Amino acid sequence: MESHEQITATVLTMTEAFQRGDIPAILRSYEPGAVVVGAPGKPLSGEPALRALFGDFIALKPVFTYAGQEVVQAGELALHLAPWQMTGTAPDGSKLQQRGLSVALLRRQPDGRWLMVVDHPFGDALLHDVRQG
């Protein structure tokens, strides 16, 4: 399998695990010490924090779709970009919809797998938070 396909497969495998509510499988897509931005401006790291973050999102019963994917590779590092949309159910039962640009940095592991090091699903947040000065 080509590197770009492996990189995309890592992200899609994580997304499928997310939709199944399988936190251990989600965590296997990340390097130890990986950083995930759970909300714009709020990066989290460490297994307890990531388990809590993913548990909160799984409670929304999310369904993700991607509107394309791009991979830029430089040796052992790769940048995965993908516009996404998520539908789910809020705790009060109302329908929830979010969208953004996923920006993920992956690193090739010694065994050839690609794992995420930084996962920022709100990579376009700055574009929507332009302040007039």
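Residues numbered from 1 in each chain as written. Predicted model: local features only at pLDDT ≥ 70, side-chain atom pairs only at ≥ 80, totals over all residues. Heavy atoms only, no water.

Draft legend 1. Representation of unusual backbone geometry in the model. Here the phi dihedral of Lys 61 falls at roughly 50°; this positive angle occurs in a residue that is not glycine. By the secondary structure assignment, Lys 61 is in the loop between helix 3 (47–58) and strand 3 (63–66). Judged by relative accessible area, Lys 61 falls into the exposed class, the value being 63%. (Helix = DSSP H or I, 4+ residues; strand = E, 2+ residues; numbered from the N terminus. Buried < 20%, exposed > 50% of the residue type's maximum accessible area, 1.4 Å probe, protein only.)

Draft legend 2. Helix 3, seen in detail. With 12 residues, helix 3 extends 16 Å between its outermost C-alpha atoms, agreeing within 8% with the 16 Å of an ideal straight helix rising 1.5 Å per residue. Among all positions in helix 3, only Leu 50, Leu 53, Phe 54, Phe 57 and Ile 58 are buried. Down the axis of helix 3, the buried side of the element spans an arc of 135°, and every buried residue falls inside it. Projecting away from the buried face of helix 3 at angles above 90 degrees are the exposed residues Pro 48 and Asp 56. The inward-facing, buried residues of helix 3 contact helix 1 (3–20), helix 2 (23–27), strand 1 (30–39), strand 2 (42–45) and strand 6 (95–108). (Expected span 1.5 Å × (residues − 1). Arc of directions from axis to C-beta. Contact = heavy atoms within 4.5 Å.)

Draft legend 3. Structural context of the pattern of salt bridges. Per the counting criterion, the structure on display carries 5 salt bridges. The salt bridge partner of Arg 20 is Asp 22, with a shortest N-O separation of 3.4 Å. Overall, the relative accessible area of 55% leaves Arg 20 in the exposed class. Of the charged contacts, one joins Glu 47 and Arg 51 as a salt bridge, the two residues approaching to 2.8 Å between their closest N and O atoms. Separated by 4 residues within a single helix, Glu 47 and Arg 51 lie in helix 3, roughly one turn from each other. Judged by its relative accessible area of 45%, Glu 47 falls in the partly exposed class. (Salt bridge = Lys/Arg side-chain N within 4 Å of Asp/Glu carboxyl O.)

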